[in-house]
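Here is what each chain is made of, one letter per residue.
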Amino acid sequence: MSAPIPAHDPNCIFCKIIAKQIPSRIVYEDEEVFAFHDINPWAPVHFLLIPKAHIPSMAQVGPEQAGLLGRMMALVPKLALEQGCNPYPDGGYRLVTNTGREGGQEVQHLHFHVMGGPRPWLRG
Ligand code: 5GP
Ligand code: ZN
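Rules and cut-offs
- Residues numbered from 1 in each chain as written.
- Chains lettered and ligands numbered in written order.
- Predicted model: local features only at pLDDT ≥ 70, side-chain atom pairs only at ≥ 80, totals over all residues.
- Heavy atoms only, no water.
- Patch = residues over 30% accessible without salt bridge, like charges linked within 9 Å, V, L, I, M, F, W, Y side chains within 5 Å.
- Areas by Shrake-Rupley, 256 points an atom, 1.4 Å probe, with all protein chains shown as cover.
- Salt bridge = Lys/Arg side-chain N within 4 Å of Asp/Glu carboxyl O.
- Helix = DSSP H or I, 4+ residues; strand = E, 2+ residues; numbered from the N terminus.
- 1 Å grid on protein atoms, 1.4 Å probe; cavity = no way out; pocket = protein on both sides within 12 Å on 5 of 7 lines; lining within 4 Å.
- Points joined across faces, edges and corners; volume = space filled by probe spheres on them.
- Buried < 20%, exposed > 50% of the residue type's maximum accessible area, 1.4 Å probe, protein only.
- Pairing = 2+ DSSP bridges.
- Axes fitted to C-alpha atoms, helices over the stretch in contact; angles between N-to-C directions.

Chemist: Mind showing me how you'd approach a nonpolar patch on the surface here?
Modeler: Together, Met 73, Tyr 93 and Leu 95 give the surface a local cluster of nonpolar side chains, amounting to about 240 Å² of exposed area. Here Tyr 93 lies in strand 4 (residues 93-96).

The structure is reproduced here in structure tokens:
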């Protein structure tokens, strides 16, 4: 069995953002979910949706997280439109989760990138 996931990691930059020890431009917050603008946006709209619990990546996700992840996914359409993504199908957005080194993950706290807005984008 793997070690239990701690609720917070004092060395994690996203845990510090959730705790407001590091400022961010907040998009959304509830008891278990937090969303904030990416500091280095690839697109006109680029925010990160994260669980408040310190889950390092998708690799640690299992059936216990199904409810939480479902609730997070169900927030995406509403938050994307609120933040300025244009409506589907001509608008839309990219939902991206990098996982592990080969997956291009740089911050080890699970996060979903939501990127949208008129093209061209800086990246992606
Ligand atoms: P990853 O490469 O792990 O999928 O994405 C990490 C993302 O976090 C990057 O897009 C990066 O710009 C963003 N990021 C890293 N540090 C900070 C920070 O201190 N504040 C904010 N708002 N975004 C950050
Ligand atoms: Zn964390």
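Still more to cover.
Chemist: Honestly, the layout of surface pockets in this entry has me stumped. Any pointers?
Modeler: Rolling a probe over the atoms, with the probe sized like a water molecule, indicates the empty space that remains. The volume enclosed by the largest pocket comes to roughly 560 Å³. Asp 38, Ile 39, Asn 40, Leu 48 and Val 107 are, among the 23 residues lining the largest pocket, the residues nearest its centre. Taken together, the elements giving at least two residues each to the lining of the largest pocket come down to helix 1 (13-18), strand 2 (33-37) and strand 3 (45-51). If you tally residues by element for the lining of the largest pocket, the top one is helix 1, at three residues.

Chemist: Can you walk me through the pairing of strand 2 in this structure?
Modeler: Regular strands place their side chains on alternate faces of the sheet. Among the five residues that make up strand 2, five are buried, leaving the element largely enclosed by the rest of the structure. Neither face of strand 2 is left uncovered, since the one carrying Val 33, Ala 35 and His 37 and the one carrying Phe 34 and Phe 36 both have all their residues buried. Taken together, the three bridges between strand 1 (residues 26-29) and strand 2 define a ladder with antiparallel strand orientation. Counterpart to Glu 29 in the pairing with strand 2 is Phe 34.

Chemist: I'm lost on the sheet that holds strand 5 (residues 112-116) in this one. Help?
Modeler: Note on sheets: strands pair through backbone hydrogen bonds, and any given pair is parallel or antiparallel. Across the sheet, five strands lie side by side as 1-2-3-5-4; this open sheet has antiparallel pairing. At either end of the open sheet lies a strand with only one pairing partner, and these are strand 1 and strand 4. If you compare each strand with its neighbour and ignore which way they point, the axes differ by 15° on average. Relative to strand 3, strand 2 runs antiparallel, the two sharing five bridges. Each bridged residue has a counterpart across the sheet, and for Phe 36 the counterpart in strand 3 is Leu 48.

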